Amino acid sequence: MCEMSHFTVAGANPSNNYKPNPKHNGDAFVNHLNKNGIRIFAVIDGAKAPYHYKINGMPNDCYGSNLVAKLLVESFQNVDKIQKWKSGFKHLISMFKFEMNLIQNSFPEFAGEDYRLFNPANAFAIALIDENNGDCVVLQGTDCYMSIRKNGKVETLSVYDEYALQATGRLVEGKMLSDLVNEGMSLEDAQEYEHERVRENRKRVYNKCVDGRNLGGMATLNGDPDLLKCVQIDTFNMFKEGVDAFVAMSDGYCQKMNNDQVACATGALNDGVGAFFDNHVRPLWGKQVRGDVTGAVLKYEK
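Residues numbered from 1 in each chain as written. Predicted model: local features only at pLDDT ≥ 70, side-chain atom pairs only at ≥ 80, totals over all residues. Heavy atoms only, no water.

## Quick notes on the sheet that holds strand E12 (residues 232–237)
Picture the strands of a sheet paired through backbone hydrogen bonds; they go either parallel or antiparallel. Threshold: If DSSP finds at least two bridges between two strands, the strands pair. Only DSSP runs of H or I reaching four residues or more are called helices, and only runs of E reaching two or more are called strands; each is numbered from the N terminus. Between N-to-C directions, angles span 0 to 180 degrees; the directions come from axes that are lines fitted to C-alpha atoms, helices contributing only their stretch in contact. We call two residues in contact when some of their heavy atoms are within 4.5 Å.
Taken in spatial order, the five strands make up an open sheet running E4-E5-E8-E9-E12, and their pairing is antiparallel. Edge strands, defined here as strands with exactly one partner in the open sheet, are strand E4 (27–33) and E12. The mean inter-strand angle of the sheet, taken between neighbouring strand axes irrespective of direction, is 10°. Bridge analysis of strand E8 (residues 121–130) against strand E9 (residues 135–141) gives six bridges, and the strand direction is antiparallel. The residue of E9 that forms the bridge with Ile 126 is Leu 139. Across the face of the sheet, helix H1 (residues 60–76) comes into contact with E4, strand E5 (38–47) and E8 while running at roughly 160° to E5.

## A word on the nonpolar core
Rule in force here: The set of buried Ala, Val, Leu, Ile, Met, Phe, Trp, Tyr and Cys residues whose side-chain atoms join them within 4.5 Å is what this entry labels a nonpolar core. Any residue under 20% of the maximum accessible area for its type is buried, any over 50% is exposed, and the rest in between are partly exposed; the area is computed with a 1.4 Å probe on protein chains only.
Tyr 53, Phe 89, Met 100 and Phe 124 are the most contacted members of the largest nonpolar core, which totals 41 residues. Of all elements in the fold, only E4, E5, H1, helix H2 (85–105), helix H3 (115–118), E8, E9 and helix H7 (227–230) reach the threshold of two or more residues within this core. Formed by 21 residues, the second largest nonpolar core is a distinct cluster that contains Val 9, Met 249, Val 281 and Val 293.

## Digging into the sheet that holds strand E14 (residues 293–300)
Taken together, five strands build an open sheet; the order of strands is E1-E14-E13-E10-E11 and the sheet is antiparallel. Each end of this open sheet is capped by a strand with a single partner; those strands are strand E1 (2–9) and strand E11 (153–156). Within the sheet, the average angular offset between the axes of one strand and its neighbour, ignoring direction, is 15°. Sheet topology places strand E10 (residues 144–150) next to E11; four bridges connect them, and they run antiparallel.

## Let's talk about the layout of surface pockets
This is how the line gets drawn: The way it works is a 1 Å grid over only the protein atoms, where trapped points that fit a 1.4 Å probe form a cavity and open points with protein on both sides within 12 Å along at least five of seven lines form a pocket, and then any residue with an atom within 4 Å of a point lines it. Grid points are joined across faces, edges and corners, and a volume is the space filled by probe spheres set on the points. All amino acids are sorted into three groups, where Ala, Val, Leu, Ile, Met, Phe, Trp, Tyr, Cys and Pro are nonpolar, Asp, Glu, Lys and Arg are charged, and the leftover types, Gly among them, are polar.
By volume, the second largest pocket amounts to about 170 Å³. Lining the second largest pocket are 13 residues; nearest its centre among them are Met 238, Phe 239, Val 243, Tyr 300 and Glu 301. When contributions to the lining of the second largest pocket are tallied by element, the ones reaching two or more residues are E8, helix H8 (238–241) and strand E13 (243–250). Its residues assigned to classes, the lining of the second largest pocket shows seven nonpolar, one polar and five charged.

## Concerning the packing of aromatic side chains
Condition: For Phe, Tyr and Trp, where Trp contributes only its six-membered ring, two rings pair if their centres lie within 6.5 Å, and the inter-plane angle classes them as stacked under 30 degrees, edge-to-face over 60, or tilted in between.
The full count for this structure, using the stated rule, is 15 aromatic pairs. Ring centres 5.3 Å apart and planes at 55° place the aromatic pair Tyr 53 and Phe 107 in the tilted group. Placement of Tyr 53 in the loop between E5 and strand E6 (54–55) and of Phe 107 in the loop between H2 and H3 is noted, with a sequence separation of 54 residues between them. The exposure class of Tyr 53 is buried, given its relative accessible area of 7%. Residue class for Phe 107 comes out buried when judged on its relative accessible area of 17%.

## Things to note about the packing of helix H10 (residues 261–271) against helix H11 (residues 273–285)
In plain terms, the rule: Note on terminology: angles under 35 degrees are roughly parallel, angles over 145 are roughly antiparallel, angles of 65 to 115 are roughly perpendicular, and the others are oblique. Should the near helix be turned counterclockwise from the far one by less than a right angle, the crossing is left-handed, whereas a clockwise turn marks it as right-handed.
The contact between H10 and H11 brings their axes to 6 Å, and the two run at 120°. The pairing of H10 with H11 is recorded here as oblique in orientation. The way H10 lies across H11 gives a crossing that is right-handed. Where H10 abuts H11, its residues Ala 263, Cys 264, Gly 267, Ala 268 and Asp 271 lie against Val 273, Ala 275, Phe 276 and His 280. Looking at side-chain class alone, the contact of H10 with H11 contains six nonpolar, two polar and one charged residues.

The following block contains the structure:
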């Protein structure tokens, strides 16, 4: 038996007078039990493409993360053993590329553009849990995080270190779009400034990790098969290792807590995923939560 709780907030958008719009949430969430007893538990954080376009009236980050959520369920629907995760993950990557290629072809002005620049990009934390035998694999890319409770102690599985990546000079940090506008830049100029920074970052670090555990680069689900060389992979058996809970978070859930994933995961487990954010994290944002936020907790009864 398991119990799941989920919390999300859409961040304020400068083009919408800094008012959050639930339809513009770039985060997505999955909790699905496939027909073979394998649970898919995931948080996905879409990042906007560095170009001006919407898809079916939606911001492209929102469309992208929801597309990943849909394809994630489809790609693992028939998987019957955790050890077969790679075939499902390859299918997910290739289908995202296929679907986004159809969309890119509908924009003549982007003909010939590198799909890795055109496509929205997605950070992710995905747990695949075989509820029959306890086998698990956790897949992580960039700044979505998965923590577990193991023998009563909360620990994070995530190793991604954005500060270390920035220190190399390969990832150039920028101000939030809303800050640029508040400083007097027009929204149009601020967006173009941001787009150029993002394009150059993507060329340097997307799916160009130093090793295979999401370090020295950014493991990103954007249709690029090189993600398979960068994704962080953790495998274990929850029954044998005493794991009875999973906490998945987008970066917005813990970034104001200095990315202390263990503290945030512990709070989410003890206080409730929504209550902990509202009481401890939301006040740190000030008047507006300016980034999309998602947290989810999955607990198993022994």
